[in-house]
Amino acid sequence: MKNKTVRLRELNFSVTKTREQIAARVRQIGANLNLDYANKKPVFLAVLNGAYVFTADLVREFEGECEVAFVKLSSYAGKESTGDVATRIGLATSIKNRHVIITEDIVDTGNTMHKFLRELEEFEPASVEIAALLVKPDALLHDISVRYVGFNIPPDFVIGYGLDYDGLGRNLPDIYTLEE
Ligand code: 5GP
């Protein structure tokens, strides 16, 4: 494995999920989606910015017809969740009566998904499920059901595979955890 550790600004990070582990897991989730959403023409709703890499890989595992739409939400400043979720729905695609799969990079406190799920209801989708590459179960503050989970991880700060620290690290193919 190349580059087991990286330094971004003043912080050191070490690899916790390799690109091979991620690819294998994304393929498995894709296989589940192919079963669950065959002939349902789902709308994948990617939560920007962090989920762009996961979404790009996941939708290419989906074999049926689907649409891909994007929304931008934000609740993080630096390494801490602010708890204050600013929702900017940029939905150009109608999701009324559609089966929606939210693709999220990581569910941490769950504040973002909790708020967003309620907002989505107003658009009257046929169904809504969440596919999250990473979930931090010990940090969850809401009873949120994440139907498709890549990996459950400890409540530590991670970067790579779309996730950033202060704008950096999104391009890293592996996932790295902040070192103590
Ligand atoms: P939540 O609202 O569940 O606390 O946080 C959700 C959002 O916070 C994620 O979509 C992601 O953008 C950001 N986030 C949560 N944990 C991490 C992390 O460990 N690393 C990074 N880079 N972002 C995180």
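Structure first, text after, so check above.
Notes on the structure in this doc start here.

**Considering the overall build of the protein chain**
Secondary structure summary: the protein chain contains 3 helices and 10 strands in total. The linear arrangement of helices and strands in the protein chain, starting from the amino end, is β-β-α-β-α-β-β-β-α-β-β-β-β. Across the 180 residues that make up the protein chain, the buried fraction comes to 47%. About 9200 Å² of surface is accessible on the protein chain, with carbon and sulfur atoms providing 46% of the total.

**Re the site of the ligand**
Neighbouring the ligand are 18 residues; Thr109, Gly110, Thr112, Val158 and Asp164 lie closest to it. Val158 places a polar main-chain atom, nitrogen or oxygen, 2.7 Å from a nitrogen atom of the ligand. Here Asp164 contributes a backbone N or O atom positioned 2.7 Å from a nitrogen atom of the ligand. In the complex, 91% of the free accessible area of the ligand, which totals 510 Å², lies under the protein chains. Elements represented by at least two residues in the shell around the ligand include exactly strand S4 (67-77), strand S6 (99-107) and helix H3 (111-121). With 4 residues, S6 is the single largest residue contributor to the shell around the ligand.

**Describing the environment of Leu8**
Within the secondary structure, Leu8 sits in strand S1 (residues 5-8). With relative accessibility at 12%, the residue Leu8 sits in the buried group. Not counting chain neighbours up to four residues away, the residues in contact with Leu8 comprise Phe13, Ile159, Tyr165, Leu168 and Gly169.

**Side note on the sheet that holds strand S9 (residues 158-159)**
Overall, antiparallel pairing links the 4 strands, which are arranged S1-S2-S10-S9 in an open sheet. What marks the edges here is a single partner per strand, and that holds for S1 and S9. Bridging between S9 and strand S10 (residues 175-178) involves 2 bridges; their strand directions are antiparallel. Looking at the pairing, Val158 lines up with Thr177 of S10.

**So, the nonpolar core**
With 23 residues, the main nonpolar core has Leu33, Leu58, Leu133, Leu134 and Tyr161 as its most contacted residues. For Leu58, the residues in contact, after removing those within four places along its chain, are Val26, Ile29, Gly30, Leu33, Phe44, Thr103 and Ala131. By size, the runner-up hydrophobic cluster in this structure holds 20 residues, among which are Val47, Ala69, Ile130 and Ala132.

**Remarks on unusual backbone geometry**
Phi is mostly negative for residues that are not glycine, and the peptide bonds are mostly trans. Asn49 follows Leu48 through a cis peptide bond whose omega is 5°. Considering the arrangement of structural elements, one finds Asn49 in the loop between strand S3 (43-48) and helix H2 (52-59). With phi around 65°, Asn39 is a residue other than glycine that occupies positive phi space. You can see Asn39 is positioned in the loop between helix H1 (19-36) and S3. The class for Asn39 is exposed, based on a relative accessible area of 79%. The backbone of Tyr161 sits at a positive phi, close to 50°, despite the residue not being glycine. Its location among the elements puts Tyr161 in the loop between S9 and S10.

**Quick word on the pattern of salt bridges**
For the structure on display, the rule yields 11 salt bridges. Residue Arg9 pairs with Asp166 through a salt bridge whose shortest N-O separation is 3.1 Å. One end of the pair, Arg9, is in the loop between S1 and strand S2 (11-17); the other, Asp166, is in the loop between S9 and S10, with 157 residues separating them in the sequence. Arg9 gets classed as partly exposed once you look at its relative accessible area, which sits at 47%. Residue class for Asp166 comes out partly exposed when judged on its relative accessible area of 43%. Lys41 is paired through a salt bridge with Glu65; the nearest N and O atoms lie 3.4 Å apart.

The rules behind these values
Residues numbered from 1 in each chain as written. Predicted model: local features only at pLDDT ≥ 70, side-chain atom pairs only at ≥ 80, totals over all residues. Heavy atoms only, no water. Helix = DSSP H or I, 4+ residues; strand = E, 2+ residues; numbered from the N terminus. Buried < 20%, exposed > 50% of the residue type's maximum accessible area, 1.4 Å probe, protein only. Areas by Shrake-Rupley, 256 points an atom, 1.4 Å probe, with all protein chains shown as cover. Near = heavy atom within 4 Å. Polar contact = N/O pair within 3.5 Å; in protein donor to acceptor, adjacent residues only side chain to side chain. Contact = heavy atoms within 4.5 Å. Pairing = 2+ DSSP bridges. Core = buried A, V, L, I, M, F, W, Y, C linked by side-chain atoms within 4.5 Å. Salt bridge = Lys/Arg side-chain N within 4 Å of Asp/Glu carboxyl O.

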